[in-house]
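Chain by chain, the residues run as shown.
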6 protein chains.
Amino acid sequence: MRLRYLFIFSLLVAASYALVQDFCVADLSLPAGPTGYSCKTPASVTENDFFYHGLATPGSTNNRAGAGVSWAFDSQFPGLNGLGISSLRLDLAVGGVAPLHSHPAATELVVIVEGTLTLGFISSFDDKVYIKTLNKWDVMVVPQGLLHFAINSGNTTALAFASFSSQNPGLQTTAFALFKNDFPTELVAKTTFLDAEQIKKLKALLGGTN
Amino acid sequence: MRLRYLFIFSLLVAASYALVQDFCVADLSLPAGPTGYSCKTPASVTENDFFYHGLATPGSTNNRAGAGVSWAFDSQFPGLNGLGISSLRLDLAVGGVAPLHSHPAATELVVIVEGTLTLGFISSFDDKVYIKTLNKWDVMVVPQGLLHFAINSGNTTALAFASFSSQNPGLQTTAFALFKNDFPTELVAKTTFLDAEQIKKLKALLGGTN
Amino acid sequence: MRLRYLFIFSLLVAASYALVQDFCVADLSLPAGPTGYSCKTPASVTENDFFYHGLATPGSTNNRAGAGVSWAFDSQFPGLNGLGISSLRLDLAVGGVAPLHSHPAATELVVIVEGTLTLGFISSFDDKVYIKTLNKWDVMVVPQGLLHFAINSGNTTALAFASFSSQNPGLQTTAFALFKNDFPTELVAKTTFLDAEQIKKLKALLGGTN
Amino acid sequence: MRLRYLFIFSLLVAASYALVQDFCVADLSLPAGPTGYSCKTPASVTENDFFYHGLATPGSTNNRAGAGVSWAFDSQFPGLNGLGISSLRLDLAVGGVAPLHSHPAATELVVIVEGTLTLGFISSFDDKVYIKTLNKWDVMVVPQGLLHFAINSGNTTALAFASFSSQNPGLQTTAFALFKNDFPTELVAKTTFLDAEQIKKLKALLGGTN
Amino acid sequence: MRLRYLFIFSLLVAASYALVQDFCVADLSLPAGPTGYSCKTPASVTENDFFYHGLATPGSTNNRAGAGVSWAFDSQFPGLNGLGISSLRLDLAVGGVAPLHSHPAATELVVIVEGTLTLGFISSFDDKVYIKTLNKWDVMVVPQGLLHFAINSGNTTALAFASFSSQNPGLQTTAFALFKNDFPTELVAKTTFLDAEQIKKLKALLGGTN
Amino acid sequence: MRLRYLFIFSLLVAASYALVQDFCVADLSLPAGPTGYSCKTPASVTENDFFYHGLATPGSTNNRAGAGVSWAFDSQFPGLNGLGISSLRLDLAVGGVAPLHSHPAATELVVIVEGTLTLGFISSFDDKVYIKTLNKWDVMVVPQGLLHFAINSGNTTALAFASFSSQNPGLQTTAFALFKNDFPTELVAKTTFLDAEQIKKLKALLGGTN
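- Chain A is annotated in an unreviewed UniProt entry as Germin-like protein from Sesamum indicum.
- Of chain A, the UniProt comment under Sequence similarities (unreviewed entry) reads exactly: "Belongs to the germin family."
- Turning to chain A, the UniProt annotation filed under Subcellular location (unreviewed entry) states: "Secreted, Extracellular space, Apoplast".

### A look at the overall build of chain A
Here's step 1: The helix and strand inventory of chain A stands at 4 helices and 11 strands.
Here's step 2: The C-alpha atoms of chain A give 22 Å as radius of gyration, which overshoots the globular expectation for 210 residues (17 Å, by more than 25%).
Here's step 3: Projecting the C-alpha coordinates of chain A onto the three principal axes gives extents of approximately 75 × 45 × 35 Å.
Here's step 4: Scored against the burial criterion, the 210 residues of chain A give a buried share of 61%.
Here's step 5: In chain A, 66% of the contacts between residues at least 6 apart in sequence involve partners at least 24 apart.
Here's step 6: Carbon together with sulfur atoms contributes 57% to the accessible area of chain A, which is approximately 7,500 Å² in total.
Here's step 7: When the 13 positive and 15 negative side-chain charges of chain A are each reduced to one mean point, those points stand 5 Å apart.

### Details of the environment of E:Leu134
Here's step 1: Summarising the element assignment, E:Leu134 is placed in strand E7 (residues 129-134).
Here's step 2: Classification of E:Leu134 by relative accessible area gives buried; the value is 0%.
Here's step 3: Each C-alpha atom of the pair E:Leu134 and E:Thr118 lies 6.0 Å from the other, and the pair is 16 residues apart in sequence.
Here's step 4: The contacts of E:Leu134, once residues within four sequence positions are left out, are E:Ile112, E:Gly115, E:Thr116, E:Leu117, E:Leu119, E:Val139, E:Met140 and F:Phe51.

### Quick notes on the interface of chain A and chain B
Here's step 1: Tallying the contact residues gives 52 residues for chain A and 52 residues for chain B.
Here's step 2: At the boundary of chain A with chain B, total buried surface from both sides reaches about 4,400 Å², with 70% on carbon and sulfur atoms.
Here's step 3: Taken together, the connections running from chain A to chain B amount to 0 salt bridges.
Here's step 4: Inspection of the chain A/chain B interface yields 17 residue pairs in polar contact (both at pLDDT 80 or more).
Here's step 5: Looking at the side of chain A that touches chain B, its residues break down into 31 nonpolar, 14 polar and 7 charged.
Here's step 6: Relative to strand E1 (residues 51-52) of chain B, strand E8 (residues 139-142) of chain A runs antiparallel, the two being bridged by 2 bridges. In the sheet register, A:Val139 faces E1(B), and the bridge partner there is B:Tyr52.

### As for the interface of chain B and chain C
Here's step 1: Between chain B and chain C, the residue contacts involve 44 residues of the former and 44 residues of the latter.
Here's step 2: In total, chain B and chain C occlude about 3,800 Å² of area from one another, counting both sides; carbon and sulfur atoms represent 65% of this.
Here's step 3: Our count for the contact surface shared by chain B and chain C stands at 2 salt bridges.
Here's step 4: The salt bridge involving B:Asp195 is made with C:Lys201; its shortest N-O contact spans 2.9 Å.
Here's step 5: Viewed at the interface, chain C and chain B are joined by 16 residue pairs in polar contact (both at pLDDT 80 or more).
Here's step 6: Contributing elements (two or more residues each) for the side of chain B that touches chain C: strand E4 (97-102), strand E7 (129-134), strand E9 (148-152), helix H2 (174-179), helix H3 (185-192) and helix H4 (196-206) of chain B.
Here's step 7: Top element by residues in the side of chain B that touches chain C is H2(B). It accounts for 6 residues.

### Points about the pairing of strand E6 (residues 117-122) of chain A
Residues and elements named next belong to chain A.
Here's step 1: Along E6, 6 of the 6 residues are buried, which leaves the element largely enclosed by surrounding structure.
Here's step 2: As judged from the 5 bridges shared by E6 and strand E9 (residues 148-152), these two strands associate in the antiparallel manner. By the bridge assignment for E9, Thr118 is matched with Ile151.

### Section: the pairing of strand E10 (residues 158-164) of chain F
All names here are of chain F.
Here's step 1: For E10, the buried fraction is high: 7 of the 7 residues fall into the buried class.
Here's step 2: By the alternation rule, side chains of E10 split into Ala158, Ala160, Ala162 and Phe164 and Leu159, Phe161 and Ser163, which are all buried.
Here's step 3: When strand E3 (residues 86-92) meets E10, the two strands line up antiparallel, connected through 7 bridges. Bridging from a neighbouring strand, Ser86 pairs with Phe164 of E10.
Here's step 4: For strand E5 (residues 108-114) and E10, the ladder comprises 6 bridges, and the chain directions are antiparallel. Each residue of the ladder has a partner; that of Ile112, found in E10, is Ala160.

### Section: the UniProt feature "domain: Cupin type-1" (unreviewed entry) in chain A
Here's step 1: Here the UniProt feature "domain: Cupin type-1" (unreviewed entry) sits at residues 53-200 of chain A.
Here's step 2: Annotation note: span residues 53-200 of chain A, helix share 13%, strand share 38%, distance between end C-alpha atoms 40 Å.

### A word on the pattern of salt bridges
All names here are of chain B.
Here's step 1: Under the defined criterion, the tally for this structure stands at 18 salt bridges over all chains.
Here's step 2: Taking the shortest distance from any N to any O, the salt bridge between Lys40 and Asp49 comes out at 3.2 Å.
Here's step 3: Residue class for Asp49 comes out buried when judged on its relative accessible area of 15%.

### Some details on the sheet that holds strand E1 (residues 51-52) of chain C
Paired through their backbone hydrogen bonds, the strands of a sheet run either parallel or antiparallel.
Here's step 1: As summarised here, the arrangement of the 6 strands in space is E1(C)-E8(D)-E5(D)-E10(D)-E3(D)-E2(D), forming an open sheet in which the pairing is antiparallel. Of all the strands in the sheet, just E1 of chain C together with strand E2 (67-72) of chain D have a single pairing partner and so form its edges.

### Observations regarding the arrangement of the chains
Here's step 1: Regarding chain B and chain E, which are not in contact, the minimum distance between any of their C-alpha atoms is 18 Å.
Here's step 2: Over all C-alpha pairs, chain C and chain F never come within contact, reaching a minimum spacing of 18 Å.

### What to know about the relation of the copies chain B and chain C
Here's step 1: In screw terms, the move from chain B to chain C is a rotation of 180 degrees and a rise of 0.0 Å along the axis, fitting with an RMSD of 0.0 Å. Put plainly, the chains are arranged around a two-fold axis.

### Points about the nonpolar core
Here's step 1: By size, the foremost hydrophobic cluster in this structure holds 382 residues, and its most contacted members are A:Phe179, B:Phe179, C:Phe179, D:Phe179, E:Phe179 and F:Phe179.
Here's step 2: Those residues in contact with D:Phe179 that lie beyond four places of it in its chain are D:Val188, D:Leu194, D:Ile199, D:Leu202, D:Lys203, D:Leu206, D:Gly207, D:Gly208, E:Thr192 and E:Leu194.

### Some remarks on the state of the cysteines
All names here are of chain B.
Here's step 1: For the structure on display, the rule yields 6 disulfides over all chains.
Here's step 2: One disulfide bridge connects Cys24 with Cys39, the sulfur atoms lying 2.1 Å from each other. Around the S-S axis, the bridge from Cys24 to Cys39 shows a dihedral of about -95 degrees and counts as left-handed. Taken together, the residues Cys24 in the loop between helix H1 (2-17) and E1 and Cys39 in the loop between H1 and E1 connect sequence positions 15 residues apart.

### Regarding the UniProt feature "binding site: oxalate" (unreviewed entry) in chain A
Residue and element names in this part refer to chain A.
Here's step 1: In this numbering, the UniProt entry assigns the feature "binding site: oxalate" (unreviewed entry) to His103 and Glu108.
Here's step 2: The class for His103 is buried, based on a relative accessible area of 3%.
Here's step 3: Ignoring sequence-local partners within four residues, the contact set of His103 consists of Glu108, Gln144, Gly145, His148, Phe164, Pro169, Gly170 and Leu171.
Here's step 4: A polar side-chain atom of His103 sits 3.0 Å from a polar atom in the side chain of Glu108.
Here's step 5: By the secondary structure assignment, Glu108 is in strand E5 (residues 108-114).
Here's step 6: On the accessibility criterion, Glu108 (7% relative accessible area) is buried.
Here's step 7: Discounting residues that sit within four places of it in the chain, Glu108 has contacts with His101, His103, Met140, Val141, Val142, His148, Ala162, Ser163 and Phe164.

Rules used throughout
Residues numbered from 1 in each chain as written. Chains lettered and ligands numbered in written order. Predicted model: local features only at pLDDT ≥ 70, side-chain atom pairs only at ≥ 80, totals over all residues. Heavy atoms only, no water. UniProt positions renumbered as here; feature names shortened; annotations may be inferred. Helix = DSSP H or I, 4+ residues; strand = E, 2+ residues; numbered from the N terminus. Rg over C-alpha atoms; globule rule 2.2 N^0.38 Å. Buried < 20%, exposed > 50% of the residue type's maximum accessible area, 1.4 Å probe, protein only. Contact = heavy atoms within 4.5 Å. Areas by Shrake-Rupley, 256 points an atom, 1.4 Å probe, with all protein chains shown as cover. Lys, Arg positive; Asp, Glu negative; His and termini not counted. Charge placed at Lys NZ, Arg CZ, Asp CG, Glu CD. Buried area = accessible area lost by both parts, 1.4 Å probe. Salt bridge = Lys/Arg side-chain N within 4 Å of Asp/Glu carboxyl O. Polar contact = N/O pair within 3.5 Å; in protein donor to acceptor, adjacent residues only side chain to side chain. Nonpolar A, V, L, I, M, F, W, Y, C, P; charged D, E, K, R; others polar. Pairing = 2+ DSSP bridges. Least-squares fit on C-alpha atoms with pLDDT ≥ 70 in both. Core = buried A, V, L, I, M, F, W, Y, C linked by side-chain atoms within 4.5 Å. Disulfide = S-S within 2.5 Å.

Take a look at the structure:
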């Protein structure tokens, strides 16, 4: 008797997963795998899963860098799961900066929506710095995994939209990786050639220890 | 003697290609391969290769659809070659439309920059239509290869920025594939169930023959 | 005590999943991910998981198009999960047609087994139509995501076998995407340039609404 | 003056390669790369590039194995370049055999077109043999890189069509890898546990030396 | 009431999976998918997940081949899941041998740590054998899926470290695939041209049947 | 007449490239593409193309970091082209260090061959530092694109072998990216929060300007 119900249940469940194609909206409550989250059942997917409103609200620029970020990666926008693209909105106050960072898993394409931004990235094979000042609708591309930065080099608030060649590009900010954790000062000094005094000063500033 | 010069020449040439990494800016004058264009030699690459100004000029909306497109795919922006991302700018006049089309090789992510747009796509496994009206900074994602469209559903010019998960997404507009070529009317009719009269009318309108 | 049993249970379960390699036969009752279904435990896999008999039965050609299709995609043939290939059998009555459609996720390779078929596809970059009439054992390839069709152009039933470069190619038939759902007539008209009258006629024919 | 002509020439050449998308028909006269051959210029591509007639002629079965093979890999059918699919036709005389082999770069899907075939493959993690006898329209899948074979187990000529998840699957026949080259008998013996006498007998049979 | 708890629980669980990026340490107790195991929750990951001590113990060389192997594939070293790399340690007694085998899913790179090894692989397109004798710190690469072997050709124990371009390369040893299972002698003979007597002798030696 | 010779020549050339499979040994004198170098013709490939002796010579440790590196990436070892793997040898003097760096395009797997090394990497999503001290035959994995370092934490010279999941992983050393080029001090300061004085000191030390 129990087996019979199990069989029926199994058929019902099977049916609900049987059409995996076109998209795989993330179900964040289920275990993930190397290529992304598990999919919601197709029957529970609606147009709202492919829509994201979160970029309408700028991130606060009331911080040291004068930078506000609103994210649309897969964990904020589950409809991106498995589709190989994501985005963010960057607001920079006058004099604001997006600190030096890299995205381990994606190329980035930046378009300027308002104001003037100076963007730069550093190549890995010869440490050459590629810097360019961009105005409204100018586009720049930053190859995967390379260090890059943005500075508001104009006299007004700047606004940019960035898209990425992965639904989850990752983000490693150099200053945070060095100073905003328990990375021992001695090891930071040894592996970056920075002075211990400098390291301790920035750890204090950014909330790091050790 | 000749061999010695050949050897030296060979070393020089080798050196110029020996550091393929980080990026591969397209040399459009050389043969391409399945994954993209040949790379410029690293020594000839500058910051301008990663920068594109072409989206600052809107495409003309003085056409039947009231739609202007400016492209930043790899053939317009050679720095994208091999980096898995590209973009375009879409200007829609009041009442304008981006006709039904698909991108065979990429997912598309659209962000609204100005105005109001109604976007929709059609799934392949059950022909379900997912439609959503978007305002400034709203984002929508269209999975790879699916038919989709955009309509200016507001009272002002609309402006959107689209990015793609490939440097060369392709673009197949349904009306052009059916009516803007020499696809024989009889075959179009048979494979789409459209009436021959309708087909001939649209072929005349769009410049098709047969 | 409970923990000890849990520990033992955990080891047993771990053992059953510990050898993921060679293949991953789909367990359609478990959640799927972006790259396919979850795998059955290796111990439960038999030779029958790699075998499919479903193509021996032709799909009925008793329909408007005179086309019968039998599928061997991953949801019919779970052994294909993760292996990057699938197939189908197409039977076309005299005068029958495989209506215009695309596969968003795969290239298609068609071989003719019986009769004479006219195949065509449309490129995305210049709307060029590539058409060819094929006889027994002739092969044609249709690149990923492009619109294509087949017509029985002979005097006998035609039979073809198609294979795909994905275990789940998807299938978007243009007429069904336009007319076999609730896609509003006004939007179809605006985005395809078709007349409302034509659209309503085909919606009635194919079971669409709106 | 020379520069001006060079400039014009450069534009012409660029134009001819500027639209790499949809497909990349192989130009076998140009250097290849890790993912395939260089592309023909789009302007020189015709419908015949996507069409292959070579499978209409069976390979001769007048050999030791009673097996005839006609290939449609990318070097025979250049339109497959970059498209991730290929195929072959296998004719087996009564009692004929496709000797044990593997395809290093692709999964294989076999469909029976005539007769009765016994197919088998061997898993890599536990050496388990999966064997199945197939009749007309039965399908079997062989995961990438695994050893497999086919035998005509019926009383009539058998005919099968195989497709592959790569345009160039490779083919390594075990008996040929061991005995049809200059692989020293002593090394074959040591690395396969076969007797030297057996090895020398098969080297003589298959044309090997050493 | 139950729904409320369910809701809270769901949020908690979601939080624990919400940051899939950088790595995906395998949870061997959960179902796997085509690209690897499910991920442990980020909160439970420690430095020990990225560390493996198992290669410090050589595999026993007290066997027919005089070969000891210690593995670091994903099922032994779960931190490799999804990262596209793995390794093993090979100890060969004097006269020892790594029997002829292939890795269906990975290229192999071998470095010699101690002693002298003769390595060889066989190409698939012309059965050519590439053989090389290697000493300390020499490196050899074996392309994916090709048959290869190693022999201790020196007078001392040899030690090598191999790494692979996949977290789960698979391993198919020719002699085991032929003789260490229930592959019927008649089918082995037919598909490899070996004599039945030879096959039965090796089946007896290696523990095969049939 | 000329055409006839051209035709013959074309056939000869075609023949030499017609068998691209198994491997693609780099020809560094030809243009590269996004996925690697052009292939040598198969006829010119020998066993030496798959063999590399360059790791037998340690890199000099007579430098600030006490670190010597010998590379086996695709530009040093052309046989790796397209095969998805590469390696290097790291010699660290007592107290030596491999400065903080990332590989934009590959996961790294490190095995200790001699001595004691402390390895660490920093995750991108929470800046957590994973540190571990390793002895002979211990293995550690560093996920793609993340900052990491190694320190000789023992009393003897240390020796490690690293392999990578790409034939060209790239290498971006943080201190060199910041201080060993013309990256303007003001921009470095603004994007890393470092003091200008510290930056100028390290630019002087490492050879940077501006």
